[in-house]
Amino acid sequence: MTEAALTYVTEQMLQKKGVWGEDRTSPPVAASDIRRWAIATHWPEQPPPIYWDEAYARTTRWGGLVAPPDFNPFAWPVNRGTMRRTGIPAGKRPDGKPLQGMNGGQTDTYGEPMRPGDLITARTRLLDWEEKEGRLGHTLYTTTEIEWRNQRGALVRRRRAIGIRY
Amino acid sequence: MTTNVYFDEIDIGDTLPEWSRTTGFMEWNRYAAINDEFVPFHMDDAAGRQAGNEQGAFGMGNLRYAYIVNALKQWIGDEAEIREVGCQYRAINQQGDLLTVTGTVLDKRVEDGEQRVYLEVNVKNQTGADTCPGHAIVVLPTR
């Protein structure tokens, strides 16, 4: 009889693989949120006017303010429990300690830009995973897909995020 | 800033104009405040050391991602579009690091009715280390 190989893949992960989770809708995107986002990500220099100067933005092909592509309308949820990314629990380490997590990276494909007044609806699914023996020991790499659409149903962003747990 | 670069004038091997920031708590705290990203190891040196980084607190991957987006946007202008950006978070962003976004055009082609330019991108620190290797696709107009 051989010992079962170490795995951090759980029954819940097997059941949820490829299955979209529930929709979550952001609070309305506000011009002031866009301005502050742009200031913070360009600090200490002034951000481009497309993010804060409505009169200028009207002269562009967009006809008004747009958000930076990396803008996150889901930041600052009032209900701290439900608006967060839907994480699917992975297994336990052999020493009983909880798994450590790291952001491995992401690829974001962008559709329509976000604008003031938009309501963004997100859904998430676990696409796939891989386990390897790495520098940090036994490591689980998960690929999660997160899709954002606006109130017209148009794709805003599709993210493929790599989660690392060890 | 309107149109800065045109599809027909792009050559393979063209590089992004320089986009750099020196980062530390002034940048990280502002990013935490907009993205609601209050993680102890980004805020506190003791928590950073506890997480295994001897130099203390360290910067967010998401902020370096934003820097890549900003550098691309500065290059293409407001009439063009960023279609895709992807990266891996490698070396840690330490306090005081001078981060520079780099990018090189690898290819350009018309696809799905769009004039797309494919780039290799990165965020390098002052030692030249690749902290954030990745790729980008931008859609450019013709003159």
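As shown above, the structure is provided for reference.
Just so you know, these numbers come straight off a predicted model, no measurement behind them.

*Asks:* Quick one: what's the story with the overall build of chain A, residue by residue and with numbers?
*Replies:* Of the regular secondary structure elements, chain A holds three helices and five strands. Helices (α) and strands (β) of chain A occur, in sequence order from the N terminus, as α-β-α-α-β-β-β-β. Computed over C-alpha atoms, the radius of gyration of chain A comes to 20 Å, more than 25% over the 15 Å expected from 2.2 N^0.38 for 166 residues, which places it beyond the range of a compact globule. Along the three orthogonal principal directions, the C-alpha set of chain A runs to about 75 × 35 × 30 Å. The buried share among the 166 residues of chain A stands at 27%. For chain A, long-range pairs separated by at least 24 residues make up 69% of all intrachain contacts whose partners lie at least 6 apart in sequence.

*Asks:* So, the sheet that holds strand S2 (residues 101-110) of chain A: which residues are in play, and what are the values?
*Replies:* With antiparallel pairing, 10 strands are arranged side by side in an open sheet as S1(A)-S3(A)-S4(A)-S5(A)-S2(A)-S2(B)-S5(B)-S4(B)-S3(B)-S1(B). On the outer flanks of this sheet lie strand S1 (24-25) of chain A together with strand S1 (19-22) of chain B, each paired with one strand and no other. As judged from the six bridges shared by strand S4 (residues 114-124) of chain B and strand S5 (residues 134-139) of chain B, these two strands associate in the antiparallel manner. Of the residues in S5 of chain B, the one forming a bridge with Glu-120 of chain B is His-135 of chain B. Its contacts with the sheet place helix H4 (residues 61-76) of chain B against S2 of chain A together with S1, strand S2 (81-88), strand S3 (98-111), S4 and S5 of chain B, and it is angled at close to 145° to S2 of chain B.

*Asks:* Can you tell me about the interface of chain A and chain B, naming the residues and giving the values?
*Replies:* Between chain A and chain B, the contact holds 24 residues from the first and 26 residues from the second. Those elements that place two or more of their residues in the side of chain A that touches chain B are helix H2 (31-42) and S2 of chain A. Here the side of chain A that touches chain B takes eight residues from S2 of chain A, the largest share from any one element. Classifying every residue of the side of chain A that touches chain B by side-chain character gives 10 nonpolar, 10 polar and four charged. Pairing analysis gives five bridges linking S2 of chain A to S2 of chain B, with the strands arranged antiparallel. The partner of Thr-109 of chain A across the bridge, within S2 of chain B, is Glu-84 of chain B.

*Asks:* Can you explain the nonpolar core? Please cite residues and give values.
*Replies:* Residues and elements named next belong to chain B. With 50 residues, the main nonpolar core has Tyr-67, Ile-68, Leu-72, Ala-136 and Val-138 as its most contacted residues. Here this core gets 10 residues from one element, more than from any other, and that element is H4. Those residues in contact with Leu-72 that lie beyond four places of it in its chain are Ile-82, Ala-136 and Val-138.

*Asks:* Please give an account of H4 of chain B that cites residues and values.
*Replies:* For H4 of chain B, built from 16 residues, the straight-helix expectation of 22 Å at 1.5 Å per residue is met to within 8% by its first-to-last C-alpha distance of 23 Å. Counting buried residues along H4 of chain B, 14 of its 16 residues qualify, which places the element largely inside the surrounding structure.

What counts as what
- Residues numbered from 1 in each chain as written.
- Chains lettered and ligands numbered in written order.
- Predicted model: local features only at pLDDT ≥ 70, side-chain atom pairs only at ≥ 80, totals over all residues.
- Helix = DSSP H or I, 4+ residues; strand = E, 2+ residues; numbered from the N terminus.
- Rg over C-alpha atoms; globule rule 2.2 N^0.38 Å.
- Buried ≥ 20, exposed ≤ 12 C-beta atoms within 10 Å, placed from the backbone.
- Contact = placed C-beta atoms within 7 Å.
- Pairing = 2+ DSSP bridges.
- Axes fitted to C-alpha atoms, helices over the stretch in contact; angles between N-to-C directions.
- Nonpolar A, V, L, I, M, F, W, Y, C, P; charged D, E, K, R; others polar.
- Core = buried A, V, L, I, M, F, W, Y, C linked by C-beta atoms within 7 Å.
- Expected span 1.5 Å × (residues − 1).

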